[in-house]
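Single-letter residue listing:
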Amino acid sequence: MFEQGLILSAYLLCVGFFGLITSRNMVRALMSLELIFNAITLNFITLSNLFDNRETGEIFTLFVIAVAAAEAATGLAIALSIHRNRRSTRIDQSNLLKW
Amino acid sequence: MNDINLFLAKLTYTSAKLTILPEIILILGLVAVVVIDLLSKGKNTFLLYKISMVTLLASAVILLWQWGFFTAYERSHARDFGNIFRFFLLICSLLSISSSVDYILCSKMSLAEFLLFKLAAGLGGMVLSCANDLVTIYVSLEFLALSSCFLSGYTKRDMRSNEATMKFLLMSGASSSLLLYGFSLLYGLSGGQLQLDKIVDGIIFNRYGSIIYLSAAFTTAGTAFKLSLFPFHQWTPDVYEGSPTPVVAFFSVTSKVAALALFTRLFGLIFPYFSNEWHVAVGLLATFSMILGNLIAVTQRSVKRMLAFSSISQIGYIMIGVLSADSGNGYASMITYTFIYILMNLGTFACITLFGLRTGTDNIRDYAGLYMKDPVLTFSLVLCLLSLGGMPPLSGFFGKLYLFWHGWKAGLYSLVLVALVTSVISIYYYLKIIKLMFTGKSGRSDTPLNSRQNSLVSLSISISKNSLEIAMIICALASTLSGIFIDPIIEITRNTFF
Amino acid sequence: MFLSHQYDSFWIFLLVCISIPLLAFSITRFAAPPREGPEKSTSYESGIEPKGDTWIRFQIRYYMFALVFTVFDVETVFLYPWATSFEELGLFAFVEVIVFIFILIVGLVYAWRKGALEWC
């Protein structure tokens, strides 16, 4: 059971990173980021089931959830201001800053 | 009378015992800034500026007082390390706020939120540099990263700023998730511990040796993103170019210093017993970031981008200090060089902010003939740049000398050789700007030097204009002269080892 | 793990849950007389005629409310662990929670004064 949890979380992490790298839309990239955070949350919960003091991992999970929500809010605010300025939130169209 | 004395003594002792008192003062300052801004409806900007400066100063004074109070009784090296970094972060916030108020007022953005985010980022860094718990480390790191992200997108009408903040958010999210995955593995390996010192006890008696390497790799990747070491440096130039200039000054010191404290604590505490492996890995990263940072910086056309690559290479130098820690000197060379780096870099960015404010550009070509127009600015910039490059009479030279000598003693011969060669390259591109400033013909004489000053003739702005120049001159003088006073700094930093 | 006997009632419950919608759909298919018409193929939406595309733009104002709601909603997560062990933690934790809520209230007042809660 515990191996399956770890494998599932590693798989979700890989899916999240794949989405983060390949997605062309800002909102979709943020969703991938959320997926990554959820994978890590799953990892913490799975590992905390093994030990006697289970609270620590669960509390860490709560903090991760809260911070992920803050990060999503920030990301959506940024997506909104990008959309106001250039009428699209596609990442590959933002090419002002390059060498 | 006796009662009052007793009460005072008790109060003194309690407040000295309360090690997070500087942070509490900062939080009170934050709340005060928000509340006063709401009450005065964004009119009383100068008061807000004064409040934040007073808060930072009070916090710094209390930090020093607590430090002295405790040194008299007991000496704890770990606490020394944290205190030094907290003090550095306070200095960074102080100098960068005083050098950025003017920019914000001139570009007609609201000051309250700017001060709020800067104080919040400084607070996050301070908590990060003395945190001993994985939860605290993660939350304060995200606090720092999200505040920096808001600062980076502060000019929200500017598309470049938008793009920079988007990149910064995605990159910092990815890096902190890598770091967090490493933390979760550490949590599992150590048997459910979150305190750093208990984790060490937990992972020594462990059967799954290879997973520790995996966790160390994830942690290295996560912190190297924050430090912008070589393969993880891609976000740095873009974010530096797009963000407003005073914000870049803040980034280049605060997040670097906080991430450095995190890196040193994590690797010094958790992974000391397989130090050979991570020393090799981090040494490689440092080598590549020195070489690539300096080589790419030569070809840049924008000053901010050039300084971004220069900061990548500076992190490579600082890593030598982290790697060469021994029981005699601790992290003395690293901390000394970090201190000098803060002053040099803030000075350089203050000069660039002033220049950008007057001409509205940050292209290297536009610096031609600056000496004719503004000698004070030119001399400050020259001093800071030469100090960054490590020219002999300035303090950057002494810092680098101490760092390299220390690294040589620790047996990092190849790293020190690479660092020496690359600092020669770095002197080339710093001297290129200096030569342009003194000898270049001012091609665009139609850009008047004080174009923006005319429209803004108000009392508070003229005062804060002085504050930018004062911060610039303080940084320039300090980065020149602290080479002379390097011995006492080294003495203070010498005993920092955990 | 799922094969042990304490999960039997769970399996039965799951079976009943799945069968209810299936039964509901299949019974109507058998019982109702088949009559075709243009009215009938439209989707039922609580009495209002559906029109337009399903991919519509939402008002941007929903976003601000969603944002403020999300932040405060998630921060509440920290109050639950405190509330469940209120007896053990005592007065100090109570003061800490008061400080936490005070900072949240400052944030709410900030959002309110800056006009994030105005509809127009």
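Residues numbered from 1 in each chain as written. Chains lettered and ligands numbered in written order. Predicted model: local features only at pLDDT ≥ 70, side-chain atom pairs only at ≥ 80, totals over all residues. Heavy atoms only, no water.

Q: I would appreciate a short explanation of helix H6 (residues 134-152) of chain B in the present structure.
A: Turn by turn, an α-helix covers 3.6 residues, leaving residues three or four places apart pointing in a common direction. Residues and elements named next belong to chain B. Taking 1.5 Å of rise per residue, the 19 residues of H6 would be expected to cover 27 Å, and the 27 Å separating its terminal C-alpha atoms lies within 8% of that figure. Among the 19 residues of H6, 15 are classified as buried, and the element is accordingly described as predominantly covered. If you check the start of H6, you find a side-chain oxygen 2.9 Å away from the backbone N of Val-135, and it comes from Asp-133. (Helix = DSSP H or I, 4+ residues; strand = E, 2+ residues; numbered from the N terminus. Expected span 1.5 Å × (residues − 1). Buried < 20%, exposed > 50% of the residue type's maximum accessible area, 1.4 Å probe, protein only. Polar contact = N/O pair within 3.5 Å; in protein donor to acceptor, adjacent residues only side chain to side chain.)

Q: Where do I start with the UniProt feature "transmembrane region" in chain C in this structure?
A: Residues and elements named next belong to chain C. The feature "transmembrane region", as given by UniProt, occupies residues 7-27, 63-83 and 89-109 in the numbering adopted here. Split by type, residues 7-27 is 95% helix and 0% strand. Its first and last C-alpha atoms lie 30 Å apart. For the annotated span residues 89-109, helix accounts for 100% and strand for 0% of the residues, and the straight-line distance between the end C-alpha atoms is 29 Å. (UniProt positions renumbered as here; feature names shortened; annotations may be inferred.)

Q: Just to check I follow, could you spell out the interface of chain C and chain B for this structure?
A: A common way to express how large an interface is: the accessible area buried when the components associate. At the junction of the two partners, chain C supplies seven residues and chain B supplies seven residues. For the pair chain C and chain B, the summed buried area comes to about 640 Å², and 71% of that belongs to carbon and sulfur atoms. As a salt-bridge pair, Lys114(C) and Asp37(B) come within 3.4 Å of each other at their nearest N and O atoms. Taken together, the connections running from chain C to chain B amount to three residue pairs in polar contact (both at pLDDT 80 or more). Here the side of chain C that touches chain B is built from residues that sort into five nonpolar, no polar and two charged. (Contact = heavy atoms within 4.5 Å. Buried area = accessible area lost by both parts, 1.4 Å probe. Salt bridge = Lys/Arg side-chain N within 4 Å of Asp/Glu carboxyl O. Nonpolar A, V, L, I, M, F, W, Y, C, P; charged D, E, K, R; others polar.)

Q: Explain the interface of chain A and chain B to me, please; I cannot follow it from the model alone.
A: In this assembly, 41 residues from chain A lie in contact with 45 residues from chain B. Of the roughly 3,700 Å² buried where chain A meets chain B, counting both sides, 72% is carbon and sulfur surface. Applying the counting rule to chain A against chain B returns one salt bridge. Of the charged contacts in the structure, one is a salt bridge between Arg86(A) and Glu163(B), with a shortest N-O distance of 3.8 Å. Run the count over chain A and chain B and you get five residue pairs in polar contact (both at pLDDT 80 or more). If you tally residues by element for the side of chain A that touches chain B, the top one is helix H3 (residues 55-86) of chain A, at 15 residues. Taken together, the residues of the side of chain A that touches chain B break down into 25 nonpolar, 12 polar and four charged.

Q: Any chance you could explain the packing of helix H11 (residues 245-269) of chain B against helix H14 (residues 332-359) of chain B here in plain terms?
A: The packing of two helices is summarised by the inter-axis angle and the distance between the axes. Residues and elements named next belong to chain B. In the contact formed by H11 and H14, the axes pass within 8 Å of each other and the chain directions differ by 165°. One finds that H11 runs roughly antiparallel with respect to H14. Handedness of the crossing formed by H11 with H14: right-handed. Contact residues: Thr-245, Pro-246, Val-248, Ala-249, Ser-252, Val-253, Lys-256, Val-257, Leu-260 and Thr-264 in H11; Met-334, Thr-338, Tyr-341, Ile-342, Asn-345, Leu-346, Phe-349, Ile-352 and Thr-353 in H14. Considering only residue class, the contact of H11 with H14 consists of 12 nonpolar, six polar and one charged. (Axes fitted to C-alpha atoms, helices over the stretch in contact; angles between N-to-C directions. Parallel < 35°, antiparallel > 145°, perpendicular 65-115°, else oblique. Left-handed = near helix turned anticlockwise from the far one by under 90°.)

Q: Looking at this structure, I do not really get the UniProt feature "transmembrane region" in chain A. What am I missing?
A: Per the UniProt record, the feature "transmembrane region" sits at residues 1-21, 31-51 and 59-79 of chain A. The span residues 31-51 of chain A carries 86% helix and 0% strand; its end-to-end C-alpha distance comes to 31 Å.

Q: How should I be thinking about the packing of aromatic side chains in this particular structure?
A: Pairs of aromatic rings are described using the distance from one ring centre to the other and the angle between the two planes. Counted by the stated rule, this structure contains 30 aromatic pairs over all chains. Considering the side-chain rings of Phe114(B) and Tyr154(B), the 5.3 Å spacing of their centres and the 70° angle between planes classify their relative orientation as edge-to-face. You can see Phe114(B) sitting in helix H5 (residues 111-129) and its partner Tyr154(B) sitting in the loop between H6 and helix H7 (159-189), a full 40 residues away along the chain. Note on Phe114(B): relative accessible area 1%, which makes it buried. A network of ring pairs unites the aromatic residues Phe44(A), Phe51(A), Phe60(A), Tyr138(B) and Tyr187(B) as a single cluster. (Phe/Tyr/Trp six-rings, centres within 6.5 Å; stacked < 30°, edge-to-face > 60°.)

Q: What is the right way to look at the pattern of salt bridges in this model?
A: Think of it this way: side chains of opposite charge can pair up when their charged atoms draw near. Summed over the entire model, instances satisfying the criterion amount to nine salt bridges over all chains. Put simply, Lys167(B) and Asp238(B) hold a salt bridge, and the shortest N to O gap is 3.0 Å. With Lys167(B) in helix H7 and Asp238(B) in helix H10 (residues 235-242), this pair connects stretches of sequence that are 71 residues apart. Overall, the relative accessible area of 10% leaves Asp238(B) in the buried class. Here the salt bridges do not stand alone but share partners, grouping Arg86(A), Arg160(B), Glu163(B), Lys167(B), Asp238(B), Glu241(B) and Arg305(B) into one network.

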